[in-house]
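Analysis of the macromolecular model
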Amino acid sequence: MSSNSNSNETIILLSDWIRRALAGVDLSALAGERYVSSTAYGTESSQWTATIRKSMALCSDDYLMPALQVAYSLANQICKEEETGKSPPLSVDWVDNIVVYINNRVGRVSMCDSDRCDSMDSLAFLDSLGFDPSDAGKDNFADNLFESVIHDHDGTTVSEEERDQGIEEDRGYIKAEFAPFMFNTNDDDNGPGRDAMQRIYSLGLVFYVIFSGGERPTAHFHTASKVVEQKLSRSSESDTETEELSQDLSEDSDLLPFAFDQPSPIDLTGELSIFDSVGDDEYVHDPLGENNFDGAPQHPYPKRRHSSQQNRNISNSCSVPMESLREKGLPSPLCDLVANMLECTNATLSGKDSYQSMSDVRSDLRLMLDNPNTFLRDLDMTKLSTTGSQFMEKTMFGRNVELSSIKDAYRQSMSGECGLATISGTSGTGKSLLANEFGKFVSADGGIFLSGKFDQLQQGKPFSALASALDQYCGILLHNKAMASTKDKVIFQLRSVLGKESYHLTKIIPNLATILGSELPVLNHSEDCISAQKRVQYLLCQFVDVISTSSSAPITLFLDDLQWADAASIAAVNQLLFTAGPLSRKNFFFLGCAREKDSATKWSSGVDILFAGGIHVKLDCMDEHTLNTMVSETLCLSPRLTRTLSNVIYHKTKGNPLFVSRLMRSLNKEGLLRLSLSRRRWEWDTKKIRSQTLPDDVAIFLTDSLGELPDKVQWALFVLSCFGASSESAFVESQGLDKNILKNLEIAVAEGFVDKINDQYRFAHDRIQEAAYNTIPAHRRCIIHFKYGIELSSLLIGDEEDAIASVLFTAVNQLNLGGPPAVQDKSHNVTAARLNLRAGMKAMEMSDYETAFSYFDSGISFLRKKHWQEHYTLSVELFSLAAKCALTIGNHTSLKFLIAEVVTKAHFFEDKLDVLFFETCALAYSYKLAESLEKGLDILSKLGIEVQGTSVEARVQETKDLLSAHTDDEILNSKQMADATMIIAMKFLGKLEIGMTQIMPKSVPYVTFKIIELSLTHGMSPVSPVGFAFYGSYLAKQGNINKGYHYVKLALSLLDKVGSRENAGEVIFVCTQVKSYVEPLQAALEYHHEGYSAAMASGDSSQAVVTLLALNASSLFAGANLQRLQGMCDDTIQSCAERQQLIFMVQAQQIQRTVSKLIGTGEEPKYSSEGRDILASNSSVLRSYHYHTAYVSFIFRSYDDTIENIEKYFASQENTWGILFLAHAVHAFHTGLISFWAARKSKEQRWYHRGNQSKLALRRWAESSQWTFENKWYLLEAEESFCNNDVEAAKTYYEKAITSAKLHKVRRPQQRYCSKCIHTYRYDALFLTRVALFVFL
């Protein structure tokens, strides 16, 4: 034994290592384990005999795994030397020429001081290295021995790096090597193939010694080896001498190297087990009989009886040592490995299981080391014979590259990069398996993996998969005590961010209502929300925002089978990923799966958009190598043994994983792939499997497989398939659909067609569900669906729809899958129509208008011809609500039909008001604003409400008089409007208010005053805050800013009183414009953020875009950071493009151009063709364009361009807005500066006059807000004085402007721009002060 202090290694002979390793096993730890628990050995290791102790140590991992490492390193060394043409000599005792390196830092093997090297082994080894044994006691003897071992034959030192190659790279503590002189010679002349087989045989002898615990042949070992070598050499001369060779070997049996010091008794009289019958092309080697092995060495197995002397001799040369290994309790795969190596001596002995190369040996050892549970441990025969075979349908193979790419995307998303990955592939390629494998990684990494699955037969359930996934998170918060602090944080954030709007999410996410508790707000259910789906999309985004920022654990959202997703869910997902910006969140990752598009599977445009972003993984069928890996690990056999089977399976299935697993089940069921209890492994009949005729398509194969099941089981699977991919067992049992369905489903579970997880039956794959569903003809399916729907509807008694929503949707989906042709009882038509009405209203409550429309449309289809006469109320409700949904989802064709039907068939004008309102909205959305306003005024007139009439001044006075009779508290505590006609009239007025602001601004006051009048007379409605906000803005525009400010605050307070915030975005926007004239501008910017959130929460995306545009313009005027402002402009332009708000997009591009010019990039906007048309034709947009161009030209002192564009600005037609905007002050300030500059340059009085008008306006506004406008008024005063050549006055006003700016904490100028002005224009200091002040404040 020697030690190297530098490498911390101990070098020891193999035989010594075996003894020391066995001695180092902690036998006490084995007491009670499977090796002794079933025997009478006793529970204390001290009670065991030496034989038992040795067997226990041999079978323990503490010995077995290091021994495998030693074996691997030897095979690896031979493989590497074979590549160079070298090999160890066959005539030398290999065992005595092997040393073991042990890393002292990591070594698990105990090196006991009392142990001594075997004298014979040590002397033989020293002699082979040229050492005199008498020198063993001298100094430095161990170091010299070490140096000899680690040098090769020519004296070249083996580097540390080279010694660390191989198994120790992974295990890090032990390896073995042949002595260097063993590789001094090249292959013998017998031929490389024959030598290779003999080397495998010789190494097999070494392995036997290692795994038997050091049991060695007798003293005739060397002689026997030579005899074997000579006789094998003779056999190569002629194949006809094989029988003679076998006889010779039998005669020389005393020389065979298998006579051990302590041999076990050999019984060769046992009968061949019935389980050993295999195919013609399979070689069978099993000397141990059929009994299960329990590790007890006292119970030998019955042995195989051979029919000839020749076979008996073969058994003596191979089976006998394997018998000894098996009796020691060693795993059967390891015994088979050694046996297969010893089978490599000649053709008679060799079979298909025998090794053909040393690299195969090395590969099998590597598998045992890397995956011992699969390739080393014995199969649990008792379990397999009881539960049947499971062919790894839930195990992933060959997808490591794809999995790694998704993991990489996940890790990158944690640092703020793209947080999206998608998977596609044909059916059965393992998409869901890959996703779930990734889910295991996320969970193990400390993340939260939320999953939802869309279902082709459950598309009627709003947001089914998305809601299910998010509901999982709420369930985790409720039941995981470790997340108590996160739960409190989430509750606080949700209440802060969502407020009352959280009510809408509780209809989708049931557990959210439990989390928010009793403080959950209740909203007015009758509120109108034309953009309800946009609202819920925004709320879902906010919800994800809250949970991803509140949770310390990263959140992954996985949605499966996106090809079946409903339109609302896909729109919500796209909003979540691409519009609301969670891809920039560091704590959120999205993974989606969809079946590849083909003739039978179509994707919606939303799915196409989703799969176009982020990381995309496309799965194909497995190649033959991957399939063999799958079969190998499934059967727990080496890949070299399963290659013939996997080759047949590959050509039958084309590598489809689902097809493969189902085929293997089928082969097992038919007995073509079966367990051999005697061999304790799987075996198969390759010829019979190859001869089977199978369909090319997995769907047909599954259908055929289902056809082999009992009829009752097939029916149970069909019933389950009618309700989707999964159903709770309690639901199936409680519905009384089939008395024995659960019993039959259990049979399907045993057959592997269905999984039962947590009392839920789920098809093992969606293709199995489809196959089960298609076992019944289509026309019969319709009748069965409708029958189930009627039976389930009997449970829907009363109005407690929250408690029975799931049953409601399930029942109605069954009715609709059946359809009107399935109705056999006329009374069921009305039942189906009413249930569809209830389901549609419930879907609207959940803000899924797409699904709601499908329910209303189905309900209409169930109505019979005379429904307007026989079921009038039901008809009005179905058609009116269907029209509302059609408007919301943009189905204008259906909307026209529904409106026409109601207008024509409804008996009363009041019953037509809803659809007429939808018609005016549709006209407005179609840019037919004038027609929309005309129709709205006409309808109001028919209701007796005249909007226009007396002069504006008279109407103002009437409104003042009416308001003077009410205090603010009385207004805030007014009753709610209850008159249905007045409520719809207020909706018309609200739409008129918005429309007239754009094209009839002079008429806006009339509408405003009418809203206030009806509110004070009939009660407050959701439109009432709009009237008060516009009234306050009108007063401010007329110059009474303080009074206007009073009423806009009253309007904001009313929002919380009317029970609805559907108009909150518009109200906050109008009020913020007035607030900007009273409160500090920087503070007013926050109101725009609130207004945007309110608009999105109510689904008013148009108003949200307008608010973003106002925020950008106000931020520029307030001196916001220009780089940040540029990003805000980019976001606004993107939002406008997504919502097709082209007018607002062009205006946002103008602000972006101004910002880029100020930064210095000078980027020009890229207008679309539609944008250029708008720029040329829309006077308001054109006026804004000339303003921004003049402003930028003025900043950079381009006089001619400034004058040209400011002239065009003044020449453009301006709408006389009835309300006040901040833009009025911004434009007045900048046009005033330009006008005074032009007056100095041109000496024209008209410029002086324009400048003076701007100055007076700023002075008036400075009275209401010194904070925002005082410094700008002073600056205009200075410019006027400078224009009049009054330098002293100008200097005084400049100083006042600077002082006011400092006092009110106006932002300082940016150094970059100031430097640019100084370097470029070289004006006097007074001018530079002026420029810096008005540009950056």
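Digging into the overall build of the protein chain
- The secondary structure content of the protein chain amounts to 63 helices and 14 strands.
- Each of the 1337 residues in the protein chain was classed as buried or not, and the buried ones make up 57%.
- Sequence-distant contacts, at least 24 apart, represent 74% of the contacts inside the protein chain between residues at least 6 apart.
- Looking at the protein chain as shown, the accessible area adds up to about 56,100 Å², and 49% of this sits on carbon and sulfur atoms.

Let's talk about the pairing of strand β5 (residues 420–425)
- Where burial is concerned, most of β5 is hidden: six out of the six residues are buried.
- Judged by which residues are buried, β5 turns out to be covered on both faces: Leu-420, Thr-422 and Ser-424 on one side and Ala-421, Ile-423 and Gly-425 on the other are all buried.
- Bridge analysis of β5 against strand β8 (residues 588–595) gives six bridges, and the strand direction is parallel. Counterpart to Ser-424 in the pairing with β8 is Ala-594.
- Examined bridge by bridge, β5 and strand β9 (residues 615–619) share five bridges and lie parallel to one another. The residue bridging Ala-421 from the neighbouring strand is Ile-615, located in β9.

So, the packing of aromatic side chains
- Enumeration over the complete set of coordinates arrives at 37 aromatic pairs.
- Where Phe-207 meets Phe-211, the ring centres are 6.3 Å apart and the plane angle is 80 degrees; that geometry is what we call edge-to-face. Placement of both Phe-207 and Phe-211 in helix α9 (residues 192–211) is noted, with a separation of four residues, approximately one turn of the helix. Exposure class is identical for Phe-207 and Phe-211. Each is buried.
- Feature note: the residues Tyr-410, Phe-438, Phe-441, Phe-449, Phe-558 and Phe-589 constitute an aromatic cluster, connected by ring pairs.

Looking at the environment of Arg-762
- Inspection of the secondary structure assignment puts Arg-762 in strand β14 (residues 760–763).
- Under the relative-accessibility criterion, Arg-762 is labelled partly exposed at 27%.
- In this structure, Arg-762 is in contact with Lys-453, Ala-725, Ser-726, Val-754 and Asp-755, ignoring residues within four places of it in sequence.
- At 3.2 Å, the side chain of Arg-762 forms a polar contact with the side chain of Gln-760.

Here's the deal with the sheet that holds strand β7 (residues 555–560)
- Read from one edge to the other, the open sheet built from five strands follows the order β6-β7-β8-β5-β9, with strand pairing classed as parallel. Strand pairing shows two members of the sheet lacking a second neighbour, β6 (448–453) and β9, which therefore form its edges. Between one strand axis and the next, the sheet turns by 15 degrees as a mean value, whatever way the strands run.
- Judged from the six bridges that link them, β6 and β7 form a sheet pairing that is parallel. What sits directly across from Ile-448, in β7, is Ile-555.
- Relative to the sheet, helix α19 (residues 464–479) contacts β6 and β7, its axis offset from that of β6 by approximately 145 degrees.

Regarding the packing of helix α56 (residues 1179–1195) against helix α58 (residues 1222–1242)
- With their axes 11 Å apart at the nearest point, α56 and α58 run at an angle of 50 degrees to one another. Judged by the angle between their axes, α56 and α58 are oblique. Once α56 is placed against α58, the crossing between them reads as left-handed. Here α56 contributes Tyr-1187, Ala-1190, Tyr-1191 and Phe-1194 to the contact with α58, which in turn contributes Val-1226, His-1227, His-1230, Leu-1233, Ile-1234 and Trp-1237.
- Here the contact of α56 with α58 is composed, by residue class, of eight nonpolar, two polar and no charged.

Topic: helix α33 (residues 741–750)
- Taken together, the buried positions of α33 are Ile-741, Leu-742, Asn-744, Leu-745 and Ala-748. Mapping the buried residues of α33 onto a view down its axis gives an arc of 160 degrees, with all of them on the same face. Facing away from the buried surface of α33 by more than 90 degrees, the exposed residues are Lys-743 and Ala-750.
- Looking one or two places after α33, you find Gly-752, whose phi comes out positive at around 85 degrees.

Brief notes about the confidence of the model for the protein chain
- Looking at the protein chain, the pLDDT average stands at 77 and 75% of residues meet or exceed 70.
- With pLDDT under 50 throughout, residues 136–172 is counted as low confidence; its partners more than four residues away or in other chains account for 71 contacts.

A look at the environment of Lys-461
- Its location among the elements puts Lys-461 in the loop between β6 and α19.
- For Lys-461, a relative accessible area of 18% translates into the label buried.
- As a C-alpha pair, Lys-461 and Phe-809 span 348 residues in sequence and 6.2 Å in three-dimensional space.
- Beyond its immediate chain neighbours, meaning those up to four positions away, Lys-461 contacts Ser-806, Phe-809, Thr-810, Asn-813 and Tyr-855.

Observations concerning the pairing of strand β13 (residues 754–757)
- Two elements, β13 and β14, share four bridges in a ladder whose sense is antiparallel. Within β14, the residue paired with Val-754 across the bridge is Phe-763.
- Hairpin geometry of β13 and β14 is characterised by an intervening segment of two residues between the two adjacent antiparallel strands and by a positive phi of about 50 degrees at Asn-758.

A word on the packing of helix α57 (residues 1199–1211) against helix α59 (residues 1245–1264)
- Between α57 and α59, the least distance of the axes is 14 Å, while the angle of their chain directions is 65 degrees. Our pair here, α57 against α59, has a crossing hand that is left-handed. Where α57 abuts α59, its residues Ile-1203, Ile-1206, Glu-1207 and Phe-1210 lie against Arg-1246, Trp-1247 and Arg-1250.
- Partitioning the contact of α57 with α59 into residue classes produces four nonpolar, no polar and three charged.

Some points on the environment of Thr-514
- Position of Thr-514 relative to the elements: it lies in helix α22 (residues 510–516).
- In sequence terms Thr-514 and Leu-478 are 36 residues apart; their C-alpha atoms lie 8.3 Å from each other.

So, the sheet that holds β13
- Spatially, three strands are ordered β12-β14-β13 in an open sheet, and the strand pairing comes out antiparallel. Because the sheet does not close on itself, it has two edges, and the strands there are β12 (726–728) and β13. Averaged over all neighbouring strand pairs, the angle between strand axes comes to 20 degrees, with direction disregarded.
- Packed onto the sheet, helix α31 (residues 711–722) meets β12, β13 and β14 and runs at close to 95 degrees relative to β14.

So, the nonpolar core
- Leu-559, Leu-717 and Phe-1028 are the most contacted members of the largest nonpolar core, which has 283 residues in total.
- If you tally residues by element for this core, the top one is α58, at eleven residues.
- When sequence neighbours within four positions are dropped, the list of residues in contact with Leu-559 reads Gly-452, Phe-454, Ala-465, Leu-466, Ala-469, Val-573, Phe-590, Leu-591, Gly-592 and Cys-593.
- Leu-27, Ala-196, Val-206 and Tyr-355 belong to the second-largest nonpolar core, a separate cluster that totals 66 residues.

Focus: the pattern of salt bridges
- For the structure shown, the criterion picks out 40 salt bridges.
- Of the charged contacts in the structure, one is a salt bridge between Lys-1255 and Glu-1277, with a shortest N-O distance of 3.8 Å. A residue pair is termed long-range when its members are at least 10 positions apart, and Lys-1255 in helix α59 and Glu-1277 in helix α60 (residues 1266–1283) qualify at 22 residues.
- Between Glu-1280 and Lys-1255 there is a salt bridge; the shortest N-O distance is 2.8 Å. On the criterion of sequence distance, the pair formed by Glu-1280 in helix α60 and Lys-1255 in helix α59 is long-range, its members being 25 residues apart.
- By relative accessible area, Lys-1255 is classed as buried at 9%.
- Among the ionic contacts, a cluster of salt bridges with common partners joins Asp-353, Arg-674, Arg-679, Arg-681 and Glu-683.

Observations concerning helix α4 (residues 61–83)
- Its 23 residues place the ends of α4 32 Å apart at the C-alpha level, agreeing with the 33 Å of an ideal helix rising 1.5 Å per residue.
- Most of α4 sits out of view: 17 of its 23 residues are buried.
- Note on α4: the residue one or two positions beyond its end, Gly-85, has a positive phi of about 90 degrees.

Notes on unusual backbone geometry
- Despite not being glycine, Arg-680 has its phi angle at roughly 55 degrees, a positive value.
- Structurally, Arg-680 is set in the loop between β10 (673–676) and β11 (681–684).
- Phi is positive for Lys-1243, which is not a glycine, with a value near 65 degrees.
- Along the chain, the position of Lys-1243 falls in the loop between α58 and α59.

The rules behind the values
Residues numbered from 1 in each chain as written. Predicted model: local features only at pLDDT ≥ 70, side-chain atom pairs only at ≥ 80, totals over all residues. Heavy atoms only, no water. Helix = DSSP H or I, 4+ residues; strand = E, 2+ residues; numbered from the N terminus. Buried < 20%, exposed > 50% of the residue type's maximum accessible area, 1.4 Å probe, protein only. Contact = heavy atoms within 4.5 Å. Areas by Shrake-Rupley, 256 points an atom, 1.4 Å probe, with all protein chains shown as cover. Pairing = 2+ DSSP bridges. Phe/Tyr/Trp six-rings, centres within 6.5 Å; stacked < 30°, edge-to-face > 60°. Polar contact = N/O pair within 3.5 Å; in protein donor to acceptor, adjacent residues only side chain to side chain. Axes fitted to C-alpha atoms, helices over the stretch in contact; angles between N-to-C directions. Parallel < 35°, antiparallel > 145°, perpendicular 65-115°, else oblique. Left-handed = near helix turned anticlockwise from the far one by under 90°. Nonpolar A, V, L, I, M, F, W, Y, C, P; charged D, E, K, R; others polar. Arc of directions from axis to C-beta. pLDDT = per-residue confidence, 0-100. Core = buried A, V, L, I, M, F, W, Y, C linked by side-chain atoms within 4.5 Å. Salt bridge = Lys/Arg side-chain N within 4 Å of Asp/Glu carboxyl O. Expected span 1.5 Å × (residues − 1).

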